[in-house]
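A structural walkthrough
Letter by letter, the chains look like this.
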Amino acid sequence: MNKVTIAIAKGRLGEEGLRLFKDSDMEIVREENSRKLVFSDSKGLTQYIFVKPSDVVTYVEKGVADLGIVGKDIMLEEDKDVYEILDLDYGKCRFAIAGFKNECIKKKDGVLRIASKYPNYVQSIFENRNQRIEIIKLNGSVELAPLIDLSDVIVDIVETGNTLRDNGLEILEELDYISARLIANKASYRFKYNTIKKIEKILDVKR
Ligand code: PRP
């Protein structure tokens, strides 16, 4: 069997992904609180590398990792040349345009100011809307932007809706459905097909 390397997003999404490998040949045992970034399972079949969520697609596209577990939000933002092979059915949420209750997302003669962690995605959403926009790229706490008049609206992921509610904002328009996805490097998918199919099966049964 070919050894495969899987890029896992550090954080909740990755941890939940690792749980799907539990009780399989590919389960890894880690010491608690370890800051190690590379792990192998006991049989040496799989190597896991822990990377920043937005870097998972880069590692997979470059072939440093054969597979990756990543949120669809990152896939939509990064637009990388990889195969998306399985919806892992967890980490479910939505992209949405959000703002104050009566905020209009159509500014007839003006520019709509949009704060987001996902500038490329925002660009793609507004491409055919005949609306001039200014994208304000932020790295977090995006809900703050309309409150301090940095933007008119935000485009962000909404899971429970609590962050919006607690900041007096609401969904103005729902956009793409997001969840965790298994992705594969295109060459690896060809050359390590059997191993990848085995992993896909483990994950498909568990999800
Ligand atoms: C994400 C997202 C929203 C929030 C949505 O932020 O950007 O702010 O979670 O979740 P909710 O609908 O359940 O409230 P994250 O927690 O990653 O923090 P960040 O603002 O620092 O990016």
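Residues numbered from 1 in each chain as written. Predicted model: local features only at pLDDT ≥ 70, side-chain atom pairs only at ≥ 80, totals over all residues. Heavy atoms only, no water.

**A look at the overall build of the protein**
Spelled out, the test is: Helical segments are the DSSP runs of H or I of at least four residues, strand segments are the runs of E of at least two, and each set is numbered from the N terminus. Accessible area is worked out with a 1.4 Å probe on protein chains only. A residue is then buried under 20% of its type maximum, exposed over 50%, and partly exposed in between. Note on definitions: a residue-residue contact is assigned when non-hydrogen atoms from the two residues lie within 4.5 Å. Shrake-Rupley sampling with a 1.4 Å probe provides the accessible areas, and residues are treated as covered by the protein chains on show and by no other component. As used throughout, the charge tally considers Lys and Arg to be positive and Asp and Glu to be negative, leaving His and the chain termini uncounted. One atom stands in for each charge, and that atom is NZ of Lys, CZ of Arg, CG of Asp or CD of Glu.
Within the protein, the regular secondary structure consists of eight helices and eleven strands. Relative to its 207 residues, the protein shows a buried fraction of 45%. Long-range contacts, defined as pairs at least 24 residues apart, comprise 67% of the intrachain contacts of the protein with a sequence gap of at least 6. Here the protein has roughly 11200 Å² of accessible surface; of this, 45% comes from carbon and sulfur atoms. Side-chain charges in the protein split into 34 positive and 35 negative, and the spacing between the mean points of these groups amounts to 3 Å.

**As for helix α1 (residues 12–19)**
The test is simple: Throughout, the arc means the angular range of directions from the helix axis out to the C-beta atoms.
Turning to α1, its buried residues number three or more, namely Gly14, Gly17 and Leu18. Each buried residue of α1 lies within a common arc of 100 degrees when the element is viewed along its axis, so the set occupies one face. α1 presents Arg12 and Arg19 as exposed residues on the side facing more than 90 degrees away from its buried surface. Close packing links the buried residues of α1 with β1 (4–9), β3 (46–51) and β4 (67–71).

**A closer look at a nonpolar patch on the surface**
Stated formally: Only residues whose relative accessible area exceeds 30% and that form no salt bridge are eligible for patches; like-charged ones are grouped when within 9 Å, while nonpolar side chains (Val, Leu, Ile, Met, Phe, Trp, Tyr) are grouped when within 5 Å. The working definition used for a salt bridge is a side-chain nitrogen of Lys or Arg within 4 Å of a carboxyl oxygen of Asp or Glu.
A cluster of nonpolar side chains, contributed by Phe100, Leu144, Leu147, Ile148 and Leu150, occupies part of the molecular surface with about 410 Å² of accessible area. With respect to the helices and strands, Leu144 occurs in helix α5 (residues 144–147).

**Some details on the site of the ligand**
The condition is simple: Being near a molecule or strand, for a residue, comes down to having at least one heavy atom within 4 Å of it. Side-chain classes are defined by residue name, with Ala, Val, Leu, Ile, Met, Phe, Trp, Tyr, Cys and Pro counting as nonpolar, Asp, Glu, Lys and Arg as charged, and the others, Gly among them, as polar.
If you check the shell around the ligand, you find Lys117, Gly140, Ser141, Glu143, Asp156, Ile157, Val158, Glu159, Thr160, Gly161, Asn162 and Thr163 and nothing else. Starting from 500 Å² of accessible surface for the ligand in isolation, the protein chains cover 65%. Per element, the largest residue contribution to the shell around the ligand is three residues, and it comes from strand β9 (residues 153–158). In the shell around the ligand, the residues fall into two nonpolar, six polar and four charged.

**As for the pairing of β9**
Our working rule: Two strands qualify as a pair provided that DSSP identifies no fewer than 2 bridges between them.
Among the six residues of β9, five are classified as buried, and the element is accordingly described as predominantly covered. Taken together, the five bridges between strand β6 (residues 93–99) and β9 define a ladder with antiparallel strand orientation. Following the sheet pairing, Arg94 is matched in β9 by Val158. Where strand β7 (residues 112–116) and β9 come together, three bridges link them in parallel fashion. Its bridge partner being in β9, Ala115 is matched across the sheet by Ile154.

**Considerations on the domain arrangement of the protein**
Filter applied, for reference: Boundaries between domains were set according to an automatic or database domain assignment. By convention, the term buried area covers the 1.4 Å-probe accessible surface removed from two parts as they join, with the contributions of both added.
For the protein, the domain assignment lists domain 1 (4–91 + 179–206) and domain 2 (93–177). Of note, the centres of domain 1 and domain 2, computed from C-alpha atoms alone, are 30 Å apart. The interface of domain 1 with domain 2 comprises ten residues on the first partner and ten residues on the second. In this assembly, domain 1 packs against domain 2 so that about 830 Å² is buried in total across both faces, 47% of it on carbon and sulfur atoms. Ranking the residues of domain 1 by area buried against domain 2 places Asp73, Leu76 and Glu77 at the top, with a combined share of 62%.

**Some remarks on the packing of aromatic side chains**
To be explicit about the condition: Stacked, edge-to-face and tilted labels apply to pairs of Phe, Tyr and Trp rings (six-membered ring for Trp) whose centres lie within 6.5 Å, assigned for plane angles under 30 degrees, over 60, and everything in between, in that order. Two conditions define a charge located above a ring, namely a distance within 6 Å from the ring centre to NZ of Lys or CZ of Arg, and an angle within 35 degrees of the ring normal.
Per the counting criterion, the structure on display carries six aromatic pairs. Arranged with centres 5.8 Å apart and planes meeting at 90 degrees, the rings of Phe39 and Phe50 form a pair that is edge-to-face. Of this pair, Phe39 sits in strand β2 (residues 38–40) while Phe50 sits in strand β3; the two residues are eleven residues apart in sequence, bridging distant segments of the chain. On the basis of relative accessible area, Phe39 is assigned to the buried category, the value being 6%. Among the aromatic side chains, those forming a connected cluster through ring pairs are Tyr83, Tyr189 and Tyr193. Note that Lys36 overlies the ring of Phe39, its terminal NZ or CZ placed 5.0 Å from the centroid. Seen from the ring of Phe126, Arg129 lies directly overhead, with NZ or CZ sitting 4.9 Å from the centre.

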